[in-house]
Each structure stands twice: as C-alpha cells, then as structure tokens.
Amino acid sequence: MNGKLKLQNWDFDYAGCATDLLFKNFVTSQKGLTDSEAGNRLEQYGHNEPAKRKKRTILFEILSKFINPLVIVLLIIAGFSLFFGEKISAVLVIVMAFISVFLSFIQEHRASKEAEKLNEMVRTTATVYRNGKPKELNIRDIVPGDIVDLFAGDMIPADLRIISCKDLFINQSSLTGESFPVEKISEVVASAKRSPTELINIAFMGSSVVSGTGLGVVIKTGLFTQFGEISRKLATITVASSFDKGIHKFTWLMIRFMVVLVLLIFGINAFNKGNIIEAFLFALSVAVGLTPEMLPMLVAINLSKGAIAMSKKDVIIKRLNAIQNFGAMDVLCTDKTGTLTLDKIMLEKHCDVVRKEDDDVLRFAFINSFYQTGLKNILDRAILKHEKLVVKQYKKIDEVPFDFSRKLMSVVIENDNQHRIIVKGAPEEVYKRCSSFELDGDVLEMDAGNLLLLELKNEYNNLSAEGFRVLAIAYKDFDQPKDKYTKDDEQGLILKGYIAFLDPPKPSAKKTIETLKSLGIDFKVLTGDNDLVTKKICDEVGLDVQGFATGEEVEKASDTELRELVKMTTVFARLSPLQKERVIHALHDNNHIVGYLGDGINDAPALKSADVGISVNNAVDIAKETADIILLKKNLLVLVDGVIEGRKTFGNILKYIKMGASSNFGNMFSMMGASLFLPFLPMLPIQILLNNLLYDISQIAIPSDEVDKEYLIKSRPWNIGYIKKFMLFIGPVSSIFDFTTFAVLWFIFHARQPLFNTGWFLESLCTQTLVIHIIRTGKIPFIESKPSQFLMFTSIYIVTIGIILPFLPIGKYFGFVQPPPLYFLVLFVIVAVYLFAVQFVKSWFIKRYGYE
C-alpha cells in the first residue's frame, strides 16, 4: 500500500518545485489526465472523501440502548422471574426496561436525522481538465494529478498546488482561524520550517475561493489531505462526557449496594424461614426495589424535554446527553472567526494620516474600487457596501492592475479636465512611493530620513496593533494628461490616509459573555488567528483578558505546565487544531466541564474532546458532524438558554436520583431488619413490584417540574460523593418510620402477615411518593417552592390508588386485606411526622454539605 501512496506525502517538496517538475512527478500536464489514467488512479488511491463514522443501522442503534447496566439488571431479574413462574412480575419489569430503551432511541434517532439535513456546505462538483477539456466532475472522483480550474465561490476540492492564478484570494479560516482571506501565488515557495498551511502556493481542501481565478494540480486527495487527516483521527475517537461518566458511576454505586443488600436479605430469609425459593424470589423483588429502573427512562424523558424546548429556539440537539453537559459546563471555549465574529469583513475606519475620520479618504477608496475592472476582492466589496457615493462626475481614464510584487493597484480618473491617479495598497509599499502627505487640506513634504515619516508609520502601526487590516490611500495629479499610465507613474504620490477593516463581533457576543459569567461560566478564546486581531475582538466584546498565550507557548509547555497555563490564561491565539485539543484536555485535567463552540475544520478535534461540542448551521461538514449541538441561528444568546435548560434538566434528573436512592436504600434497610425479626416476609414479592411500579409512575411527572431559580445560578457537575452522603443520611430516616410502622402493626394491631404486608405497603408507598416534594427543592421550608401541577396530580393520584387498592376486588390478587379504620389515622400521623423529620434532616444536611 505504501508504494501506491508515494505521491501523497509531504516528503516531496510540492511548494518548492517548478511546474514542469511537478507535472513530471504526477505524470500529468496542463491539459489534465485522460479518463483511462484517471480511472486507474481512482482505483489506486480511492475516492476523494474524508473519513466518516460508519452509519449504524436502526436495529444496531436500538440494541446498543440495551447495553446499559440498569437495563441488563432488569432483564436478568425478569429472566429469573419467568424461570420461577412469576409471569406478572416478569412482564412488569420487562415493560419498564423497554419503555426506557425505546424513548431514548426515538429521540436520538430523530435528532440525528435532522442534523444530517444540515450537511449542505460542500459542493458536489468541481471543474477538472480531462482529455484536454474542462468538465464538471464529482468531487469524490478527483485523483492526484488532476488539473482543477478555480473561480470565485468555488470550494477547494482537494489539496492543490497552484500553477497559475490572477488575484486569487482564498478563505482558509476553517483550517487556520484567520479572519482575512489569504492571497495565493503560483511561484515557487521555500517550504523549509513552514507548516503546510503557511505555504502560499498550496490551496487546501475545505477552504474556498473568495475572489480571482486559478489553476491547480491535485497533490493530495481524501484521507491524505489536511482535512482528511483530521477527519481520520476523529472517526476513531470516542470520548465519554462528564454526564456519561456520572451516570456510569451512579449506576455502579447502586448495583454494588444492591448486590450486598440482596445477598444479605436472601441469606437471612433462607436461614430464618427455610424456604429457599421464596427467599430467592423475595430477594429478586428487593433487587428490583433497589434498582433505579426508571432512571434510563426518566433521563431520556428529561433530556428529550430539554431537546424539544431547545428545538423551538432553533437549536438542534444531536446527542441527548449534551443537554446536561451544557448545564454542567463551567468553562466555555470558543473559536473567534465566525463564532464570536460575523465572519464578514467590514470597513470600520476611514481616516487621514493622524487617524481622524475623513470622508475624502472613503471617497478616494470608493473610486478606486468602483472603477477597477479586475475581480473585486473581499476588501473591495466591503468598501463598495458603504453608501453609494456620487462618482459619476469622474471619468475613468486607465488603471494599473494589482500584482503581488507591488501589493497595490491604481485607477486614473479625469476631474475638472485634470488626470488624477488614486492608489490603494499595502501601507509599506505606498510609503515608498510617497513624497508628501495631506493633513487638514494642506500638502506637506516628507523626507524619508526625518522623524515625520516615522510618526506617519506609527499611526499605521497603531491601527494594526488594534487588530485592523489596513490599506493606505494615496494620489497624484498630472498637469500633463497621458493616454496610458503604468506602474512608473506611481511615484511622487501624496499620502491621503488609511482605510481599516475588521471582522466585527456579533451583536449578541458581549451580552452573552456577561450573562454566562453571571451563571458561573468562564469564557476562553481559542483561535488560530493572530494575537492583534484577537485582542481587538476580545476588547470589543468586553472579555476580561486575564492572560494571553500563543500556540508556540502551548507547544513548548509540558502537560503539567499547560495545566497551570490554562488556569491563568483567557485567550490563546495562533493555535493549531491539535493545540486546541491539548488546551481542552488540560482543562479536563483541572476538573472542569468544558464546552467548545467552533465552526471550522480546525475546530473539529476540540469539538470532539469537549464535554459538549457546539457548532453553527453554516459550519463546515466535519464540524457539524462532530458537534453535539448545532445552532441554526447566529444569535449567541441561545447559548444562555441552553445552559439554563441543561441545568433544569440535570436538576430534575437529580431529584429522581436523590429521592430514589435514599428511599430505596431506606426501604431495603427496613427489609433487612424485618427479615431478621419477623416469622414471615414483611411484604410479598408481587407487592414490592407493585409498590415500585406505582411509585415509579408517580415520578414520571418529574420532568415537568419547575427548578428553583437559585439552583440555576451555578454549574452542577456530577458529585457521586454527595449523592452517596444524601442516600446514607436521608435513607435511614424512612427506616426509622418503617420500624415505627412495624411496631404499631405488631404490638397495637397484632397484625398477622396479610394485614402486616398491607399496612407496610401503604406506609411505604405514601412516604416514598410524597417525600419528593421535600427533596425536590433546597428551600426551607419546602412549601416556598411550588411543584408542577402534573407532579402534584401524580402524587395525589398514586397515594389515592394505594389507599383504595385493599378495598377493591383486585386487591386480593396482590394479597391485600382491608386495614381497620384506626390504622389510617395512625398512617396519617406517621407520614406527617416522617415528612417533617425529612425536612429537618435535609435542612441540617444542606447547611453542612450544601445543595447540589
């Protein structure tokens, strides 16, 4: 294989060799390849496509949802229940598992389908010479050695060496992060000690032609392009987000508790009561009781609700767990070009030589851009977007086109029977041709050796230091009109002033940064653009820059040094894609939940590495494919909405986790205690499953619940240690009241098994169902936080069903009997005191450990 790929490597100096040598190496010519030769190369090198993840079939997507520890535990329990003839129990457990799996699958499948519709950026054809004639060819069929014609608006279909061009400007911001288009040339360029993206006679796949024309030889295709190398790496990477890790840790925490307690309860009942089968079925029911089997379903419902809410704000959630990561992130990193900025070059200043606004400078620049006949580049178009100035009174006489060596262009007009040449170009080149300058209407001489010229250059340097792309405007009047003008006439000019361009920030950027800061999220800029432009944009959006670092510093830093660097640095400039990725990893090492917002090829590795990758609708394909979230509108304020929605989602998920973990742990602790002292089972296996099912149904309303505003003001990462403490402190409270219920039933009502089972079933169901109203809020007292109407309804509805169940004919099938009326008064007192006790313990717990 390596022999076949000898053309597609950087060992050969593509940038530094002459055209004839390039043709010889690729066995091609300016007329292009023949169809037969192209066919052979297509077979040898493969299609010109970046790497993509293999699409999974719907069946595979569904089956992958079953690979979840909680779902697997439920299915194992269902299997044992079927084996021992407990069909109703098995059906109940299987239904819970399948509802969870299919809810999660349906939402994620729908989101991925919507995201696929967004991939519309890359053109499907390019103009390629075959058999000596130009033809439109599918990009995927391009091979090394093809000759490609380039025009304004074209996507670069592969990595090309430019062999001829005119005024060719290419936007490669998606690769490098640079705001301004890069001019490409066809001359030989020394490639030593240069990164590939710094070679100005090479055009890269995924970039686009802004203006001009060109002809290029395809030197690399598919996976061997700069674009392809990044895509190949991403296609093999799978990154577990903080949400995935948190769910995984909690799941295994509960499974460990379940295994220990279930084995203890099985052993106690088998030893005390002598019926191993009954003890085993009881232990299986206890396992279901301790398993938060509704967690996958409630997580899916919560995340789906968040995704639906965000879709109404034109935000597509490709991966559901990104919603929670959105809310948990405490650092948001962003590219600059196209994310913080409009990705649209605008004329920001037109000023005289001392940087005072001057409309005449704008008029001169407008005349120059208006009358030139060459292809108008992005800067010309920015000038011409200004209000149409009155220029029809001027007659165009001639022009001197732009060329790379002069770095300027001129037009000659007639005004009042006098010819005037107006020059626009790079300031350092214009200075060489000026003998004087204009200030407040006066023309003053300047000497190349005096301080005045240095002061003029300082004004230009100051503009550049503020991050502007600067062009100088100069002119000269001719007393003796000529028929034809050349570059030799660009001497003895009068410096008129400067025009300055900038890719301005999005109007919503400043407010977004301020709001995210108020929500406890640090904002960092990771860009491939230069430091001057980056500093200017950061200043305009009001970002408080605590530290500044470049890609060179990141490259030199060890992993340990980088972890320290990211702590005190707000802005990173001139970063390569892999350096951005290193910064993300360093933030992870410092225990941050990291989001990344980017839209270019150079952002793809960082998007992949972040806990939540965010891109925009007009991003390159690889960025959209890698991202977890896609913004359909350019308004950055939807980021704030996403953070709030993420925190609401996580808050509601934690309500179920804290309540389920603590209540289930308390119940199982009670089961173990009852098994030690009672001569019969404290609750029948079918009753445990019914209790669990009714309680779980009451919790389906949690996703509709409101979240306290106080909870939303800071990020909430997973804290398994906190959940474990909550379970160990709150859980035993329910056990105390369970034991109180046991005592009342045994000593006061002298209950035998049917009444005992019924009495504890009612107390357990009421306490578990109603305690959510205390656990759901950090407010003291809990009544200050109003639950959703749906949650109120399900709580009352389930408690009512539980209370009337023993009085219904169906009750006898579950082993229930009718309790005496006095028991309901006792039940009311026990439940009320229990809720007050939980409120008291929760208040103490929050004061000591805080509220997560």
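Structure first, text after, so check above.
Values in this document were obtained by computation on a predicted structure and should not be read as measured data.

### What to know about the overall build of the chain
Thinking step 1. Helices and strands together make up the secondary structure of the chain, namely 29 helices and 23 strands.
Thinking step 2. Counting every position in the chain, which comprises 852 residues, the buried fraction comes to 57%.
Thinking step 3. Sequence separation of 24 or more characterises 75% of the internal contacts of the chain that already satisfy a separation of 6 or more.
Thinking step 4. Accessible surface for the chain amounts to roughly 36,000 Å². Of this, 59% is attributable to carbon and sulfur atoms.

### With respect to the pattern of salt bridges
Thinking step 1. Under the counting rule described, the total for this entry stands at 24 salt bridges.
Thinking step 2. Glu-459 is the partner of Arg-355 in a salt bridge, and the nearest nitrogen-oxygen pair spans 3.1 Å. Of this pair, Arg-355 sits in the loop between strand S10 (346-351) and helix H12 (359-371) while Glu-459 sits in helix H15 (residues 451-465); the two residues are 104 residues apart in sequence, bridging distant segments of the chain.
Thinking step 3. Residue Arg-355 is classed as partly exposed on the basis of its relative accessible area, which comes to 32%.
Thinking step 4. Bridged by salt links that share partners, the residues Asp-360, Arg-363, Glu-438 and Lys-496 form one connected network.

### What to know about the environment of Leu-532
Thinking step 1. For Leu-532, the location among the structural elements is in helix H17 (residues 531-540).
Thinking step 2. Along the primary structure Leu-532 and Glu-466 are separated by 66 residues, whereas in three dimensions their C-alpha atoms are 6.3 Å apart.
Thinking step 3. Every residue in contact with Leu-532, bar those within four places of it in the chain, is listed here: Ser-464, Ala-465, Glu-466 and Gly-467.

### Topic: helix H20 (residues 577-589)
Thinking step 1. With 13 residues, H20 ought to run about 18 Å at 1.5 Å a step, and its terminal C-alpha atoms sit 19 Å apart, in line with that.
Thinking step 2. Looking only at H20, the buried set comprises Pro-577, Gln-579, Lys-580, Glu-581, Val-583, Ile-584, Ala-586 and Leu-587.
Thinking step 3. Just downstream of H20, Asn-591 is the residue with a positive phi angle, here 65°.

### As for the nonpolar core
Thinking step 1. In this structure, Phe-250, Leu-495 and Trp-718 are the most contacted members of the largest nonpolar core, which totals 185 residues.
Thinking step 2. The element best represented in this core is helix H23 (residues 638-677), accounting for 16 residues.
Thinking step 3. Each residue touching Leu-495, except ones within four places of it in the same chain, is listed here: Val-353, Val-430, Tyr-431, Cys-434, Ser-436, Phe-437, Glu-438, Leu-456, Ala-472, Ile-473 and Ala-474.
Thinking step 4. Counting residues in hydrophobic clusters, the runner-up holds 24 residues, among them Val-361, Leu-384, Ile-494 and Ile-499.

What counts as what
Residues numbered from 1 in each chain as written. Predicted model: local features only at pLDDT ≥ 70, side-chain atom pairs only at ≥ 80, totals over all residues. Heavy atoms only, no water. Helix = DSSP H or I, 4+ residues; strand = E, 2+ residues; numbered from the N terminus. Buried < 20%, exposed > 50% of the residue type's maximum accessible area, 1.4 Å probe, protein only. Contact = heavy atoms within 4.5 Å. Areas by Shrake-Rupley, 256 points an atom, 1.4 Å probe, with all protein chains shown as cover. Salt bridge = Lys/Arg side-chain N within 4 Å of Asp/Glu carboxyl O. Expected span 1.5 Å × (residues − 1). Core = buried A, V, L, I, M, F, W, Y, C linked by side-chain atoms within 4.5 Å.

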